[in-house]
Amino acid sequence: MRVAIVGATGAVGHELLRVLENSTLHFDELQLYASPRSAGTTLPFNGEELTVRATPEGAIDADLILASAGGSISKALAPAWVAGGALVIDNSSAFRYDPEVPLVVPEVNGEAALGHKGIIANPNCTTAVAVVAVAPLHRAFGVKRMIVSTYQATSGAGQKGIEELLTQTHRVLHDQPAQAQVFAHPIPFNVIPHIDAFQDNGYTKEEMKVAWETRKIIGDDSIRVSCTAVRIPTLRTHSEAITLELERPATPEEARELLRQAAGVEVRDDPGARLYPMPLTASGKYDVEVGRIRASLVFDGGLDLFVAGDQLLKGAALNAVQIAEYLQEKGALKGRVAG
Ligand code: A2P
């Protein structure tokens, strides 16, 4: 059982290495790939230094490829990886809307992964964090409409997003101009309601991803979703204010109780004790924090809630590894573990 990470030197690649160290996934070999710039460098894994190789143009000799080098690399190379016999779990948006490609969050629709034809898509990070909290409520009460406002960390734009926040903050604090490169405007001491490209309908692609992917993962095209996606000057963890209109009325107590039982969720909801979801507490955590659960003042029987989830983990690396673990548990992952 040979596993390869493509994009191993990136922000998500870094998390994949850490998650795999603690994973129940059984494998014999881990190969690391990135751009030719990184070839020959090493990354630590389980106390060893593994050498990074340049990503080849064609097939990779592995059973499972965890791809996180961006949409253009995945689009160009995943067909060759699949033709070479590998299963690809792809973190980019390249294949997410292909009806042949399952889009999977194991707690919500793990069984969809079993129907793959060589590629499984890992969802958009904002969507993955939201559906962990919303899917159990949908199953119990039926979500009709979902209105989301996001507070997204700079690492959503990869390692270069992290560096831009740190560099610009240093410059601003030293009375130097912040030079925007990754984000459309300076990010320190600012919020930017612009993530990914604007679409003809005035929404950004990030906002539309939340709508398209929520429906595909939950498996209900009738749910109406509207999102406003905003970049904020934090390093990691996406937070989201979510308003739900429900088919059947739910009280906050019922929602809290249900979410306490839900996989991948930590209910953190005691405002009197100043306990609610925050990037400070959710970063590095596998569970998505959910709190501020209250009765909607707009939709009768509906709910308002606030979630914070480490988007490099549940929104990316952790979810990808959980998909592989799920398949291995079901005996549906190719490759034999030696011995
Ligand atoms: P490298 O570090 O060598 O540039 P992030 O999302 O944090 O920006 O990371 C992107 C990942 O994708 C990095 O590991 C990066 O490698 C990798 N990458 C970028 N361009 C290529 C490419 N042309 N071929 C393979 N990997 C690439």
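Here the structure is a predicted model, which is why all the values come from computation and not from measurement.

Colleague: Would you mind showing me how to read the nonpolar core here?
Modeller: Soluble globular proteins tend to bury their nonpolar side chains together. Among the nonpolar cores identified, the biggest contains 57 residues, and Ile65, Trp81, Met146, Ile242, Leu244, Val290 and Leu305 are the most heavily contacted of them. When residues in this core are grouped by element, the largest group, 10 residues, is from helix α4 (residues 125-141). Looking at this core, you find at least three residues from each of domain 1 (2-123 + 316-329) and domain 2 (127-311). Residues Leu16, Leu66, Val104 and Ile120 belong to the second largest nonpolar core, which totals 38 residues.

Colleague: What is the right way to look at the sheet that holds strand β7 (residues 119-121) in this model?
Modeller: Sheet strands pair by backbone hydrogen bonding; their relative direction is either parallel or antiparallel. Strand order in this open sheet of seven strands is β3-β4-β2-β1-β5-β6-β7, and the pairing throughout is mixed. Edge strands, defined here as strands with exactly one partner in the open sheet, are β3 (42-45) and β7. On average, each strand axis in the sheet is tilted by 25 degrees relative to the strand beside it, whichever way the strands run. Where strand β6 (residues 87-90) lies against β7, three bridges are found, and the strand directions are parallel. Opposite Ile89, over in β7, you have Ile120 as the bridge partner. Strand contacts of helix α2 (residues 71-83): β1 (2-6), β5 (64-67), β6 and β7, with the helix running at about 160 degrees to β6, the strand carrying the most contacts. Sheet strands in contact with helix α9 (residues 313-329) are β5, β6 and β7, and its direction is about 145 degrees off that of β6.

Colleague: Explain the site of the ligand here, please?
Modeller: The full set close to the ligand counts 15 residues, and Thr9, Ala11, Ser35, Arg37 and Ser38 are the nearest of them. The contact in question runs from an oxygen atom of the ligand to an N or O atom on the backbone of Gly7, over 3.2 Å. Between Ser35 and the ligand, the recorded distance is 2.6 Å, taken from a side-chain N or O atom to an oxygen atom. Burial of the ligand by the protein chains amounts to 72% of its free accessible area of 580 Å². In terms of residue class, the shell around the ligand is built from five nonpolar, nine polar and one charged.

Colleague: Quick question: what am I supposed to make of the environment of Ala229 here?
Modeller: Relative to the helices and strands, Ala229 resides in the loop between β9 (224-228) and β10 (238-246). Taking the C-alpha atoms as reference points, Ala229 and Ser149, 80 residues apart in sequence, are found 6.0 Å from one another. In contact with Ala229, other than residues within four places in its own chain, are Thr150, Gln152, Ile192, Pro193, His194, Ile195, Glu206 and Glu207.

What counts as what
- Once a new chain begins, its residue numbering starts again from 1 and follows that chain's sequence as written.
- Reporting in this predicted model follows two pLDDT cut-offs: at least 70 for local features of residues, and 80 or more for side-chain atom pairs to be given and counted; totals over whole chains, interfaces and linings ignore these cut-offs and use all residues.
- Only hydrogens and water are removed before side-chain values are computed, so all heavy atoms of the structure are retained for them.
- To define a nonpolar core, start from buried Ala, Val, Leu, Ile, Met, Phe, Trp, Tyr and Cys residues and group those joined through side-chain atoms within 4.5 Å.
- A 1.4 Å probe rolled over the protein chains alone gives each residue an accessible area, and that area as a share of the maximum for its type sets the label: buried under 20%, exposed over 50%, partly exposed in between.
- Put simply, DSSP H or I for four residues or longer makes a helix, DSSP E for two residues or longer makes a strand, and each gets a number counted from the N terminus.
- Residue ranges assigned to each domain were obtained from an automatic or database domain assignment.
- Here a strand pair is declared whenever DSSP counts at least two bridges between the two strands.
- Orientation is described by lines fitted to C-alpha atoms, with helices fitted over the stretch in contact, and by angles between N-to-C directions that extend from 0 to 180 degrees.
- Note on contacts: a residue pair qualifies if any of its non-hydrogen atoms lie within 4.5 Å across the two residues.
- Near is defined per residue: the residue qualifies when any heavy atom it owns lies within 4 Å of the molecule or strand.
- Each polar contact in these results corresponds to two N or O atoms within 3.5 Å; when the atoms are within protein, one needs to be able to donate a hydrogen and the other to accept it, and residues that are neighboring in sequence are counted only if both atoms are side-chain atoms.
- With residues, only the protein chains shown are counted as cover, and all accessible areas are computed by Shrake-Rupley using a 1.4 Å probe.
- In the scheme used here, Gly and all other residues not listed as nonpolar or charged are polar, with Ala, Val, Leu, Ile, Met, Phe, Trp, Tyr, Cys and Pro taken as nonpolar and Asp, Glu, Lys and Arg as charged.

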